[in-house]
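Structure assessment
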Amino acid sequence: MSSSTEVSYLSHARYGKDKVRVLRVVRDAEDAGFHHVVEYIVTVLVEGKIDVSYTQADNSVIVATDSLKNITYYVAKVSPHILNPERFAMHLGTHLVSKYSHLHKAFITVQQLRWSRIPVNGKEHRHSFFRDGDEKRIINVEIDASNGKDKLVAKVKAGINDLLILKSTGSSFTNFIRDEYTILKEVDDRIFSTSVDLVYNFTPIPITPPSDKEKLDFSVPTDAEKKGSVWDASLPERARTVTLEVFATDDSASVQATLYKMATQIVTENAGIEDVSYSLPNVHYVPVDMSYIGKENLNPAQAEVFIPLSAPSGLISATVSRKH
Ligand SMILES: O=c1[nH]c(=O)c2[nH]c(=O)[nH]c2[nH]1
């Protein structure tokens, strides 16, 4: 950044549009009455030679945030990758840094809301959907053109937010530090409930720059289905399945130990993933003392009535990284 005063200079600048909400309908290529829908909340931000807009009040370098919003809708209309949020985000970011010579980086975040097919008489409906939960897929893409418009690099992370899960046994918590602050009893059986936030980071990958005049080409490599890479369209569902299955089947010694098993399995099974992070609140369910009415409800093996505590909760997080 060039401009500076006696004591300060512009050291960082990034701008764009937040909360661009878009729903896209895709009519199936073989059967136009069979619809696919995705709903995204998109953040589209750019960096580059934009310092004079801050330091000199010179707007000539600004692609208006309104235009960035319009470009988001346009790419949502024309991208053949719209149903895949990672590819859509990479396509949008690639278009921006390719079209505007002074923009060197694009940062695209896509939050995908759930729309699942309504089952009717045991069959998934062709064009009717329901919101089955608050869980979201989150995709973060940086398209970096700072080494040249012909040497684009994509840095992609993806994951899940707000996936609420609970198991009613198969979880214990013992052997922790006991001192003058300790009230908590050791338990060999308890409820374990959490709201999963999962993020996995891919190894940065090269992106083929668009060759058309409009800079709208976006090519997916031919080894697109290569397991465990950014291009692996089945990876998000597999990471979700690992999360759910490890949670369900682990004889959990702690949130920490179960988290580690989930993260380790995802890194092990996906060669393109550099690291996996989870943030897991330990949502407490407290057995009600029913001795007032002569009912045993405190013994973990007999407890049946619990108070869900909205606050406070534990908060357990960790990152498991690939060794090189
Ligand atoms: O799995 C747990 N990890 C902790 O660190 C902790 N601390 C606590 O009070 N309960 C639990 N449970």
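These remarks concern the structure in this document. Quick caveat: nothing in here was measured; it's all calculated off a predicted structure. (Residues numbered from 1 in each chain as written. Predicted model: local features only at pLDDT ≥ 70, side-chain atom pairs only at ≥ 80, totals over all residues. Heavy atoms only, no water.)

**Regarding the overall build of the protein**
Across its full length, the protein carries five helices and 13 strands. The C-alpha extent of the protein, read off along each of the three principal axes, is 80 × 65 × 40 Å. Every one of the 324 residues in the protein was classed for burial, and the buried ones make up 42%. Restricting the contact set of the protein to residue pairs at least 6 apart, pairs at least 24 apart contribute 66%. Put simply, the protein shows about 17900 Å² of open surface, and 53% of that area lies on carbon and sulfur atoms. (Helix = DSSP H or I, 4+ residues; strand = E, 2+ residues; numbered from the N terminus. Buried < 20%, exposed > 50% of the residue type's maximum accessible area, 1.4 Å probe, protein only. Contact = heavy atoms within 4.5 Å. Areas by Shrake-Rupley, 256 points an atom, 1.4 Å probe, with all protein chains shown as cover.)

**As for the side chain of Ser53**
Checked against the element boundaries, Ser53 lands in helix α1 (residues 51–55). Reaching out from Ser53, the side chain makes a polar contact with the backbone oxygen of Ile50 at a distance of 2.6 Å. Those residues in contact with Ser53 that lie beyond four places of it in its chain are Asp58, Val61 and Ile62. (Polar contact = N/O pair within 3.5 Å; in protein donor to acceptor, adjacent residues only side chain to side chain.)

**Looking at the nonpolar core**
With 69 residues, the main nonpolar core has Met90, Leu96 and Tyr278 as its most contacted residues. The residues touching Met90, leaving out its near neighbours within four places in the chain, are Val141, Ile143, Ala154, Val156, Ile205, Ile207, Phe218, Val230 and Trp231. (Core = buried A, V, L, I, M, F, W, Y, C linked by side-chain atoms within 4.5 Å.)

**Quick notes on the environment of Thr243**
Take Thr243: it is sitting in helix α4 (residues 235–249). According to the relative accessible area criterion, Thr243 is buried, its value standing at 0%. Between the C-alpha atoms of Thr243 and Gln112, which are 131 residues apart in sequence, the distance is 18 Å. The residues contacting Thr243, other than those within four sequence positions of it, are Val196, Leu198, Met262, Ile266 and Tyr278. A polar atom in the side chain of Thr243 sits 2.8 Å from the backbone oxygen of Ala239. Reaching out from Thr243, the side chain makes a polar contact with the side chain of Tyr278 at a distance of 2.7 Å.

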